[in-house]
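An overview of the molecular structure
Chain residues, written in single-letter form:
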Amino acid sequence: MIIGILGGGQLARMMALAGHPLGHRFVFLDPAPDACAATLGELLVAPYDDHSALDRLAQKVDVVTFDFENVPASSLAFLTEKIPVFPPPAALQAAQDRLVEKNLFRQLGIATADYVAIDSRDDLTQALAQLGLPAILKTRTQGYDGKGQWLLRNQLDVTNAWSELAGRAAILEAFIAFEREVSAIGVRGQSGETLFYPLAENTHHNGVLFQTLSTSDDPMQGRAEQQTSLLLEALGYVGVIAVEFFQVGDSLLANEFAPRVHNSGHWTIEGAETSQFENHLRAVAGQPLGQALARGHFAMVNLLGAMPDAQAVLAIPGAHLHDYGKAPRPGRKIGHVTVHCDGRTPAVPDRLLDLL
Ligand code: AMP
C-alpha cells in the first residue's frame, strides 16, 4: 500500500522504517524541506493547509495518517472527502483542544484533574478561588512538551502567567501531586480488534519526556485499558492511541491523549512482539494486528539537543541507538536509546546517563 503521512518528523520516519518490510511505501507532506523522514519515501514540501499539495498527496496514496497533532482540522476534512484518513479526524480535533479533550474524558466517565475554562481575567480569578493554588494554567491549543503552560504557586506567578498568556483561550487545572505518570498505548484495527502494550511509566524534565520504563504486571494496567477502551469505542478509533494518566493512590486521572504513535511507546521497537509503529500501519492499512506482548523489560531515554558518542552507547549491553538524522538544537528531540534490562525492574543504566 502507499501510505500518506502528514508530518515528516521522527514519528513518520519510524513508521516508514516499520512499514518497508511489509511492502508499504510512503509519501510525506511537511513544510520543512529537511524533514527527517524524507530519506524513507517521497517528500512533498508544502504548508499543511495547501489544498493543491493535499490534492497531490491524495492522488498518490491509498490512505492518509499523521505524525503530529497540529494539522489543521480543515485539511483533514478536505482529505476525508477524497481518501480514507485514520485515526478519525474527530479524535485529532478533540486532542487539539484541552477543553474539548477534558470534556470528552468526563462525558465518558474517565476521571481527570478538576479544571475550569478561562476566557477572561475574571474567569481566572474565579477559577483560582475554586481550585486554589498551586494550579496549572494551560493554553487550550498548540501546547506541547511543556510549552503554553504555567505552574501557578503564588499571586506573582498568576500575574506573570496572565500577561504571557496574551489573551489566548486557556484552562486552569488543579495541581495533582501524583505518584507516577503512566501512559497506556493501545491499537484498534478497522474491525474493532483492540490490543494494549504493557503500561509505560514516564518521567518528564521541564515538561518534556525524559525517560520511559516499560512495566509488566502493572497493577493499574486493567483500569488504564478499560478507560482507554471507552475512548477508542466512542471515537470509532483506528490506529495507535496513547493516553497519559496521573496515578494518585489507586486511581488514575487522565491528563491527555495523543491520536498517534507516541514517544512513550518507542521501546516497543525492540521490546514488543510488534512495535507500535508496525501496529499503527497494520490498523491504518486494514491488516490484522500483531501481538503487543513485551519481550522483557525495557528502559528508553530521549536524546535531547545533542547526540552522545555512538561508540560509547553501543558498548552498553542491551542498548539500541536511534539517531533521527535531525540537526541538533538545544532541547530538540534528535534520538533515543532503548535498553533491554536484565531482571524485573527496568532502569536506565548509569553508564548511559553519564553520556547524556
Ligand atoms: P501536558 O502538556 O498536559 O502533558 O503536561 C506536561 C507535564 O506537566 C505532565 O506530564 C506533568 O508532568 C505536568 N503536569 C501537567 N498537568 C499537571 C497537573 N494538573 N498537575 C501536576 N502536574 C501536571
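Residues numbered from 1 in each chain as written. Predicted model: local features only at pLDDT ≥ 70, side-chain atom pairs only at ≥ 80, totals over all residues. Heavy atoms only, no water.

Turning our eyes to something else, we now look at the site of the ligand. Taken together, 14 residues sit near the ligand, with K138, E173, I176, E181 and E256 positioned nearest. At 2.9 Å, a side-chain N or O of R98 approaches an oxygen atom of the ligand. At 2.8 Å, a side-chain N or O of E173 approaches a nitrogen atom of the ligand. Bound to the protein, the ligand loses 91% of the 470 Å² it would expose on its own. Mapped onto the shell around the ligand, the elements with two or more residues apiece are β6 (135-139), β8 (170-174) and β14 (251-258). Residue composition of the shell around the ligand, grouped by class: six nonpolar, three polar and five charged. (Near = heavy atom within 4 Å. Polar contact = N/O pair within 3.5 Å; in protein donor to acceptor, adjacent residues only side chain to side chain. Areas by Shrake-Rupley, 256 points an atom, 1.4 Å probe, with all protein chains shown as cover. Helix = DSSP H or I, 4+ residues; strand = E, 2+ residues; numbered from the N terminus. Nonpolar A, V, L, I, M, F, W, Y, C, P; charged D, E, K, R; others polar.)

Moving on, we get to the sheet that holds strand β4 (residues 63-66). Ordered in space as β3-β2-β1-β4, the four strands form an open sheet in which the pairing is parallel. Two strands lie at the open edges of the sheet, namely β3 (42-45) and β4, each paired on one side alone. The average undirected angle you get between the axes of adjacent strands in this sheet is 25°. Two elements, strand β2 (residues 25-30) and β3, share four bridges in a ladder whose sense is parallel. Bridge pairing in β3 places F28 opposite L43. (Pairing = 2+ DSSP bridges. Axes fitted to C-alpha atoms, helices over the stretch in contact; angles between N-to-C directions.)

Counting buried positions along β2 yields five of six residues, so the element is predominantly enclosed. As judged from the five bridges shared by strand β1 (residues 2-6) and β2, these two strands associate in the parallel manner. Counted as the bridge partner of G4 is V27 from β2. Handedness of the β1-helix α1 (residues 10-19)-β2 crossover: right-handed. (Buried < 20%, exposed > 50% of the residue type's maximum accessible area, 1.4 Å probe, protein only. Right-handed = clockwise from strand over helix to strand, strands pointing away.)

A separate point is helix α7 (residues 155-165). Within the span of α7, buried status applies to D157, V158, A161 and L165. Considered in projection along α7, the buried side chains sweep an arc of 100° and stay on one side of the axis. Facing away from the buried side of α7 by over 90 degrees, the exposed positions are Q155, L156 and S163. In this structure, the buried residues of α7 make contact with α6 (121-131), β6, β7 (149-152) and β8. By the N-cap criterion, in which a side-chain oxygen at the helix start approaches the backbone nitrogen of a residue two or three places on, α7 is capped by N154, the distance to L156 being 3.1 Å. (Arc of directions from axis to C-beta. Contact = heavy atoms within 4.5 Å.)

Right, let's talk about the nonpolar core for a bit. Core analysis: the largest hydrophobic core is formed by 36 residues, its most contacted members being I5, F26, F28, W267 and F277. Within the residue set of this core, elements represented by two or more residues are β1, α1, β2, β9 (180-188), β13 (239-248), α10 (276-284) and β15 (297-304). Residue contributions to this core peak at six residues, all from α1. If sequence neighbours within four positions are ignored, F277 has contacts with L11, M14, M15, A18, V261, H266 and I269. If you look at the next biggest cluster of nonpolar residues, it comprises 22 residues, including A95, V182, L232 and V243. (Core = buried A, V, L, I, M, F, W, Y, C linked by side-chain atoms within 4.5 Å.)

Secondary-structure assignment places S183 in strand β9. Assessed through its relative accessible area of 0%, S183 is described here as buried. At a separation of 2.7 Å, a polar atom in the side chain of S183 contacts the side chain of S264. With residues up to four places along the chain from it excluded, the contact list for S183 reads L199, A200, N202, V243, E244 and S264.

A separate point is the environment of P47. Residue position: P47 is located in the loop between β3 and α2 (51-60). As a C-alpha pair, P47 and D30 span 17 residues in sequence and 6.6 Å in three-dimensional space. Apart from residues no more than four positions distant in its own chain, P47 is found in contact with L29 and P31.

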